[in-house]
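# Structural characterization, general
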Amino acid sequence: MKAFLLIHDLLDLFYPNICPACDKPMQHTEKHFCIYCELQLPKTNFISAKDNSVYKLFLGRADVEQADAWLYFVKKGMVQKLMYSLKYKGNQALGERLGYLYGLDIKTQNTMKIPDCLCAVPLHPDKIKTRGFNQAAAIARGMSQALEIPFVEDLIQRQSNSGSQTRKKRFERWESSVQSFQMNADIHCGYKSVGIVDDIITTGSTLEICANLLKGFGVDKVQVFALCQAIN
Ligand SMILES: [Zn+2]
């Protein structure tokens, strides 16, 4: 064991793991990102406030029971760096870790209702082809472990839009976007409450489509969980 730790320390010395948020070397006990950055995460604290700005985004657009974003995303900020590592460097383990920490916060604060299961906003098929994975699914996997509820990966599916989107008028683009999301016919959704997970929320349009889709399929209560909210 001692020999293993010695080799580990030597490897750390020559090939240190770099924290994706602050670019500093991490200790071998730190995984995914450093403890300093973990303590500095810019939390919104929306968990304890039902009437928060993310919840208000859905008023009159979708019947959402509760909505939340865990962190603030600002340009060149720590969360942008973490999201870059997750999305463009394929750091799925980081996404799972962030999702796990988010889930733990929900659990310990005990102010939000825990849904029966989680699903993720599906990625556009073209992006799946280039990226190879859905970052929202990585976050949802971590959250499901912390909340001890199932993650139903392909509950909502997304197809490519037919025809050129640029030639369509605004309403036609919206209509075709709505049609590209579908419930997976192979999965029977008997869950009464479902939480939809996304990585980042801006206007909430995609989450609105997914929430309405779930309600249309008889899900009683829909909740929205975004890892972060983009602010100026
Ligand atoms: Zn760091």
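Values in this document were obtained by computation on a predicted structure and should not be read as measured data. (Residues numbered from 1 in each chain as written. Predicted model: local features only at pLDDT ≥ 70, side-chain atom pairs only at ≥ 80, totals over all residues.)

Two orientations exist for strands paired in a sheet by backbone hydrogen bonds: parallel and antiparallel. The sheet built from four strands is open, its strands ordered β1-β6-β5-β2 with parallel pairing. Each end of this open sheet is capped by a strand with a single partner; those strands are β1 (66–73) and β2 (117–120). Neighbour-to-neighbour, the strand axes of the sheet open up by a mean angle of 20°, direction not taken into account. By the bridge criterion, eight bridges tie strand β5 (residues 193–201) to strand β6 (residues 221–230) in an arrangement that is parallel. Looking at β6, one finds that Val 194 is bridged to Val 222. Set on the sheet, helix α4 (residues 78–88) makes contact with β1, β5 and β6; between it and β1 the angle comes to about 100°. (Pairing = 2+ DSSP bridges. Helix = DSSP H or I, 4+ residues; strand = E, 2+ residues; numbered from the N terminus. Axes fitted to C-alpha atoms, helices over the stretch in contact; angles between N-to-C directions. Contact = placed C-beta atoms within 7 Å.)

To continue, consider the packing of helix α5 (residues 92–109) against helix α7 (residues 135–147). Running from N to C, α5 and α7 cross one another at 40°; their axes reach a closest spacing of 6 Å. By the angle class used here, α5 and α7 are oblique. The chirality of how α5 crosses α7 is right-handed. The segment α5 lies against α7, with Gln 92, Gly 95, Glu 96, Arg 97, Leu 98, Gly 99, Tyr 100, Tyr 102, Gly 103, Leu 104, Ile 106 and Lys 107 engaging Gln 135, Ala 138, Ile 139, Ala 140, Arg 141, Gly 142, Met 143, Gln 145, Ala 146 and Leu 147. (Parallel < 35°, antiparallel > 145°, perpendicular 65-115°, else oblique. Left-handed = near helix turned anticlockwise from the far one by under 90°.)

Bringing the pairing of β1 into the picture now. In terms of burial, β1 is largely enclosed, as seven of its eight residues are buried. Two elements, β1 and β6, share seven bridges in a ladder whose sense is parallel. Looking at the pairing, Ala 69 lines up with Ala 226 of β6. (Buried ≥ 20, exposed ≤ 12 C-beta atoms within 10 Å, placed from the backbone.)

Okay, unusual backbone geometry next. Although it is not a glycine, Asp 23 adopts a positive phi angle of roughly 65°. A count of 9 C-beta atoms within 10 Å places Asp 23 in the exposed class. Positive phi, normally seen in glycine, also occurs at Glu 148, with a value near 55°. Exposure remark for Glu 148: the 9 C-beta atoms within 10 Å place this residue in the exposed category.

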